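# Topology and contacts: notes
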Amino acid sequence: MKNIMEVKNVKLRYGDFEALHGINLAFPEQKLTALIGPSGCGKSTLLRCLNRMNDDIADIKITGDILLAGEDIYRPHLDLVELRKSVGMVFQQPMPFPFSVFDNVAYGLKVAGIKDKELIQQRVEESLKQAAIWQETKDSLDRNALAFSGGQQQRICIARALAVRPAVVLLDEPTSALDPISSSEIEETLMTLKTKYTFIMVTHNLQQASRVSDQVAFLMNGNLIESGTTEEMFLAPKKEITSNYLNGRFG
Amino acid sequence: MHEIFLDELKKLNTQFMEMGVLVNDQIDQGTRSFVAHDKKTAQKMIKEADVVPKEAIRIEKKALDLMALQQPVATDFRVVISILKAATDLERIGENAISLAVETVRVKGNPRIPEVEKIISQMTHEVRKMLIEVLTAYVQEDEKTARSMVDRQEVVTANYQKARKVIIDGVEKDSNAAVASASYFVIIRLLKRIGDHIVNLASWVIYKVSGELFELADPKAE
């Protein structure tokens with residue numbers, strides 16, 4: 001199994017506060033890795049390091065290496081647009097831009113400088129299909145994306161992330177704001193897309209992690225406590241504290 | 001919230017152990033009544049044969065409720081599943097013990113073969129010891145003792161083979177022993193089967209402790 005991203009001894013400080021104490025973790029290609037742990041454990045912080053979403057925070061200091069396909073994403077003169085083309089992101093709240101479905105999904109392509117209208121059209125359709133929202137949007141691509149339901153908006157956002165053909169998609173609790181049916185639809189979509197993309201997902205929904213992920217990493221107080229295949233983690237984790245967390249005994 | 005789960009789990013464990021004690025008594029009473037020709041005890045056992053299966057259902061229901069309502073994972077999941085599976089093996093052991101009583105009621109015929117009855121006593125002693133040890137291993141999560149059950153069952157199997165030979169020799173010496181010998185064959189087979197189920201129980205101890213699924217019983221050993 002090839003690792004597409006690798007995190008090596010990553011430490012992160014906000015001023016005096018060290019939020020990550022040296023994380024080592026590899027993300028296998030075309031798998032879904034779930035990052036779990038109690039609130040404030042550093043999982044979202046870690047996720048945001050993976051496409052440099054933390055860069056602009058004042059007093060932040062990140063050390064260690066984060067490699068994408070073997071290359072350090074924190075190297076000087078790295079093109080952030082290029083990086084985020086490779087490492088896309090979907091947020092907790094569906095955040096479509098306040099314009100049409102088509103323009104939402106085409107947005108990244110336009111930023112990336114693609115001008116070929118036919119290619120853009122083709123990509124938009126493909127991406128909406130991949131995100132399993134094509135049937136519901138194909139006749140109303142001009143409609144404002146905000147006019148759709150929460151679950152639909154989130155899938156439009158997934159389509160938008162997929163449009164630039166990223167290698168990795170980061171998902172920050174992508175279904176926590178959705179009802180169970182929409183959540184389940186998103187889960188299904190992710191299961192299908194796993195054969196093409198690598199996903200790294202922060203989630204508080206442990207059942208969801210057990211259903212859709214291939215690998216689980218459990219973080220607590222800025223440390224990686226344990227990681228392993230989802231089966232290992234949910235059936236026989238090595239550490240008792242992992243079992244306690246998974247059973248909701250704290251967190 | 002988790003206090004409730006742990007509390008329920010504790011109750012479940014206690015019920016499981018109580019069932020183990022009941023079954024252990026059944027093995028003892030079953031073989032003792034056979035050797036002593038004590039049909040009265042045997043009949044009482046048969047009359048009360050539904051106690052253990054009822055207990056098993058109570059345990060299974062509680063385990064299934066916990067699975068469905070509390071959705072345990074990881075260690076907690078293994079504890080509940082291992083009880084669910086081990087309760088089935090325990091119930092089978094109980095059934096075999098009842099079959100010992102049935103055979104006691106059915107058995108007719110003298111003369112008997114004292115040497116066989118001595119081996120039967122040995123086998124009984126061994127499987128009862130094994131059952132207590134495996135139940136203790138369950139509670140203490142003692143994987144080593146659980147794994148040792150494979151070797152222990154080999155002793156039971158060896159005694160089983162030895163008994164077969166002694167029975168055949170006994171019938172050859174005195175053909176009047178043929179009637180009793182049919183029962184002897186049934187009894188030693190039941191005791192051996194009880195041992196096989198104890199080995200299965202041991203494999204659930206291992207699953208509970210390590211998550212490893214293990215085929216301990218040798219299906220070829222007969």
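Computed from a predicted structure; not experimentally measured. (Residues numbered from 1 in each chain as written. Chains lettered and ligands numbered in written order. Predicted model: local features only at pLDDT ≥ 70, side-chain atom pairs only at ≥ 80, totals over all residues. Heavy atoms only, no water.)

### Some points on the overall build of chain B
Broken down by element type, chain B carries seven helices and zero strands. Along the chain direction, N to C, the helices and strands of chain B fall in the order α-α-α-α-α-α-α. The C-alpha radius of gyration computed for chain B amounts to 19 Å, which stays within 12% of the reference 17 Å derived for 222 residues, consistent with globular compactness. Over its C-alpha atoms, taken along the principal directions, chain B stretches across nearly 70 × 35 × 20 Å. Burial analysis of chain B (222 residues in total) assigns 48% to the buried set. Surface accessibility of chain B: about 10,800 Å² in total, with carbon and sulfur atoms responsible for 56%. (Helix = DSSP H or I, 4+ residues; strand = E, 2+ residues; numbered from the N terminus. Rg over C-alpha atoms; globule rule 2.2 N^0.38 Å. Buried < 20%, exposed > 50% of the residue type's maximum accessible area, 1.4 Å probe, protein only. Areas by Shrake-Rupley, 256 points an atom, 1.4 Å probe, with all protein chains shown as cover.)

### Describing the environment of Y14 of chain A
Residue and element names in this part refer to chain A. Within the fold, Y14 resides in strand 1 (residues 3-14). Judged by relative accessible area, Y14 falls into the partly exposed class, the value being 29%. For the pair formed by Y14 and A161, sequence separation is 147 residues and the distance between their alpha carbons is 28 Å. Setting aside its immediate chain neighbours within four residues, Y14 contacts A19, T45, I57, D59 and I60. At 3.3 Å, the side chain of Y14 forms a polar contact with the side chain of T45. (Contact = heavy atoms within 4.5 Å. Polar contact = N/O pair within 3.5 Å; in protein donor to acceptor, adjacent residues only side chain to side chain.)

### A look at the packing of helix 3 (residues 101-111) of chain A against helix 6 (residues 150-163) of chain A
All names here are of chain A. In contact at an axis separation of 7 Å, helix 3 and helix 6 are set at 30 degrees when each is read in the N-to-C sense. Taken as axis vectors, helix 3 and helix 6 run roughly parallel relative to one another. The way helix 3 lies across helix 6 gives a crossing that is right-handed. Contacts between helix 3 and helix 6 involve V101, N104, V105 and L109 from the first element and I156, A159, R160 and A163 from the second. In terms of residue class, the contact of helix 3 with helix 6 is made up of six nonpolar, one polar and one charged. (Axes fitted to C-alpha atoms, helices over the stretch in contact; angles between N-to-C directions. Parallel < 35°, antiparallel > 145°, perpendicular 65-115°, else oblique. Left-handed = near helix turned anticlockwise from the far one by under 90°. Nonpolar A, V, L, I, M, F, W, Y, C, P; charged D, E, K, R; others polar.)

### Things to note about the interface of chain B and chain A
Taken together, the 13 residues of chain B in the interface contact eleven residues of chain A. Of all residues in chain B, H2, V73 and A74 of chain B bury the most surface against chain A, accounting for 51% of the area lost on that side. The interface formed by chain B and chain A holds one salt bridge in total. Ionic pairing is found between R249 of chain A and D76 of chain B, a salt bridge with its closest N-O pair at 2.2 Å. The interface formed by chain B and chain A holds six residue pairs in polar contact (both at pLDDT 80 or more) in total. In terms of residue class, the side of chain B that touches chain A is built from six nonpolar, five polar and two charged. (Buried area = accessible area lost by both parts, 1.4 Å probe. Salt bridge = Lys/Arg side-chain N within 4 Å of Asp/Glu carboxyl O.)

### What to know about the packing of aromatic side chains
Evaluated as defined, the whole model comprises eight aromatic pairs over all chains. Measuring from ring centre to ring centre gives 6.1 Å for F99 of chain A and Y107 of chain A, while their planes differ by 25 degrees; the resulting arrangement is stacked. Classification of Y107 of chain A as partly exposed rests on a relative accessible area of 39%. The interplanar angle of 50 degrees and the centroid separation of 4.9 Å between the aromatic rings of F16 of chain B and Y138 of chain B together place this pair among those described as tilted. Taken together, the residues span a long stretch of sequence, with F16 of chain B in helix 1 (residues 2-36) and Y138 of chain B in helix 5 (residues 114-140) at a distance of 122 residues. Comparing F16 of chain B with Y138 of chain B shows no difference in burial state: the two are buried. Note that R160 of chain A overlies the ring of F97 of chain A, its terminal NZ or CZ placed 4.2 Å from the centroid. Taking the ring centre of F34 of chain B as reference, the NZ or CZ of R112 of chain B above it sits at 5.4 Å. (Phe/Tyr/Trp six-rings, centres within 6.5 Å; stacked < 30°, edge-to-face > 60°. Lys NZ or Arg CZ within 6 Å of the ring centre and 35° of its normal.)

### Regarding the state of the cysteines
Residues and elements named next belong to chain A. For the coordinates displayed, the defined rule picks out zero disulfides over all chains. Left without a disulfide partner, C41 is nearest to the cysteine sulfur of C49, which lies 13 Å away. For C41, a relative accessible area of 1% corresponds to the buried category. Note on C49: relative accessible area 0%, which makes it buried. (Disulfide = S-S within 2.5 Å.)

### Quick look at the pairing of strand 3 (residues 32-36) of chain A
Residues and elements named next belong to chain A. For strand 3, the tally of buried residues reaches five of five residues, placing the bulk of the element in the interior. The pairing of strand 3 with strand 8 (residues 198-202) spans four bridges and is classified as parallel. When the bridges of strand 8 are listed, L35 appears paired with V202. Looking at chain direction, strand 3 and strand 9 (residues 215-220) are connected through four bridges and run parallel. (Pairing = 2+ DSSP bridges.)

### What about the layout of surface pockets?
All names here are of chain A. Taken as a whole, the largest pocket holds about 610 Å³ of empty space. R84, M89, F97, Y107 and G108 are, among the 24 residues lining the largest pocket, the residues nearest its centre. Secondary-structure elements contributing two or more residues to the lining of the largest pocket are helix 2 (80-86), strand 6 (87-90), helix 3 and helix 6. Within the lining of the largest pocket, the residues separate by chemical class into 15 nonpolar, six polar and three charged. (1 Å grid on protein atoms, 1.4 Å probe; cavity = no way out; pocket = protein on both sides within 12 Å on 5 of 7 lines; lining within 4 Å. Points joined across faces, edges and corners; volume = space filled by probe spheres on them.)

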